[in-house]
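Residues per chain are reported as follows:
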Amino acid sequence: MKPLLLVTLAFALTSCTSTLISHRMKAAQRKLLETHRLQQAGQWDEAQAMSVRLDSSVSKSIESRPMQRGAAGTTVDLRLLLAAWENGPYADLQVALKKHDKPRATAALVSLRQQCANCHTVLGKTQIQIPEIQ
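Residues numbered from 1 in each chain as written. Predicted model: local features only at pLDDT ≥ 70, side-chain atom pairs only at ≥ 80, totals over all residues. Heavy atoms only, no water.

### As for the environment of T74
Assignment of secondary structure puts T74 in the loop between strand 1 (67-69) and strand 2 (75-77). For the pair T74 and L123, spaced 49 residues apart in sequence, the C-alpha separation works out to 9.6 Å. Ignoring sequence-local partners within four residues, the contact set of T74 consists of Q68 and R69. (Helix = DSSP H or I, 4+ residues; strand = E, 2+ residues; numbered from the N terminus. Contact = heavy atoms within 4.5 Å.)

Quick look at the structure:
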């Protein structure tokens with residue numbers, strides 16, 4: 001009886017984690033689009049605040065389950081992809097928003113979105129579609 005209970009508990013916890021990650025990533029997608037909308041409207045401080053919330057959603061999702069099976073069947077350390085995301089286009093976005101540089105901010109958001117799509121591809125989750133940013 002105990003082994004069945006442990007398996008059931010493990011499955012339930014994994015399912016909860018997956019649901020939480022899915023919820024956070026959907027929130028991240030909304031925050032990405034809202035950051036873009038705010039930036040396009042010239043609401044720089046609001047866009048900056050929303051971008052911080054975006055980063056929080058993405059980083060919490062990855063921290064909760066950093067090692068995942070990739071599309072190729074190998075284990076992928078998502079912390080490396082997160083570091084590239086945060087040190088690359090996310091850092092560019094922060095600079096652009098602080099300088100109120102609309103073209104640079106838009107380019108950074110497009111790059112952020114592409115990094116998201118790349119991560120989903122690595123994980124074999126190509127069914128997850130992220131709207132284009134223009």
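### What about helix 4 (residues 102-122)?
Between the first and last C-alpha of helix 4 there are 30 Å, a value that for 21 residues agrees with the 30 Å anticipated at 1.5 Å per step. All buried positions along helix 4 are accounted for by A105, T106, A108, L109, L112, R113, C116, A117, C119 and H120. Of the residues that open helix 4, the one with a side-chain oxygen 3.1 Å from the backbone nitrogen of R104 is D101. Note on helix 4: the residue one or two positions beyond its end, G124, has a positive phi of about 75°. (Expected span 1.5 Å × (residues − 1). Buried < 20%, exposed > 50% of the residue type's maximum accessible area, 1.4 Å probe, protein only. Polar contact = N/O pair within 3.5 Å; in protein donor to acceptor, adjacent residues only side chain to side chain.)

### A closer look at the state of the cysteines
Tallied over the entire structure, the rule returns 0 disulfides. No disulfide involves C116; its sulfur sits 7.8 Å from that of C119, the nearest cysteine. What makes C116 buried here is its relative accessible area of 17%. (Disulfide = S-S within 2.5 Å.)

### Examining the nonpolar core
Judged by nonpolar contacts, the single largest core of 26 residues is most densely connected at L32, L54, V58, W85, L93 and L112. L32 has contacts with L54, L109, L112, R113, I130 and I133, leaving out every residue within four places of it along the chain. (Core = buried A, V, L, I, M, F, W, Y, C linked by side-chain atoms within 4.5 Å.)

### A short note on the packing of helix 2 (residues 44-64) against helix 3 (residues 78-99)
Between two packed helices, what matters for the description is the angle formed by their axes and the separation of those axes. At their nearest, the axes of helix 2 and helix 3 sit 11 Å apart, and the two run at 175° to each other. Relative to helix 3, the element helix 2 is oriented roughly antiparallel. Here W44, A47, Q48, S51, V52, L54, D55, V58, S59 and I62 of helix 2 lie close against helix 3, whose contacting residues are L78, R79, L82, W85, E86, Y90, L93, Q94, A96, L97 and K98. Taken together, the residues of the contact of helix 2 with helix 3 sort by class into 13 nonpolar, 4 polar and 4 charged. (Axes fitted to C-alpha atoms, helices over the stretch in contact; angles between N-to-C directions. Parallel < 35°, antiparallel > 145°, perpendicular 65-115°, else oblique. Nonpolar A, V, L, I, M, F, W, Y, C, P; charged D, E, K, R; others polar.)

### Re the pattern of salt bridges
Tallied over the entire structure, the rule returns 3 salt bridges. The salt bridge partner of R37 is E34, with a shortest N-O separation of 2.7 Å. Pair noted here: R37 and E34 are both in helix 1 (residues 2-40), with a separation of 3 residues, about one helical turn. Looking at E34, the relative accessible area reads 24%, which means it is partly exposed. Its salt-bridge partner being E132, residue R113 comes within 3.3 Å of it at the nearest N-O pair. (Salt bridge = Lys/Arg side-chain N within 4 Å of Asp/Glu carboxyl O.)

### Looking at the packing of aromatic side chains
Under the definition given, this model contains 1 aromatic pair. With centroids separated by 5.4 Å and ring planes inclined at 10°, the aromatic side chains of W85 and Y90 adopt a geometry described as stacked. A relative accessible area of 5% means that W85 is categorised as buried. (Phe/Tyr/Trp six-rings, centres within 6.5 Å; stacked < 30°, edge-to-face > 60°.)

### With respect to the environment of K102
Residue placement: K102 occurs in helix 4. Along the chain, K102 and G42 lie 60 residues apart, while their C-alpha atoms are 8.1 Å from each other. Not counting chain neighbours up to four residues away, the residues in contact with K102 comprise Q39, Q40 and W44. Within polar-contact distance, the side chain of K102 engages the backbone oxygen of Q40 at 3.0 Å.

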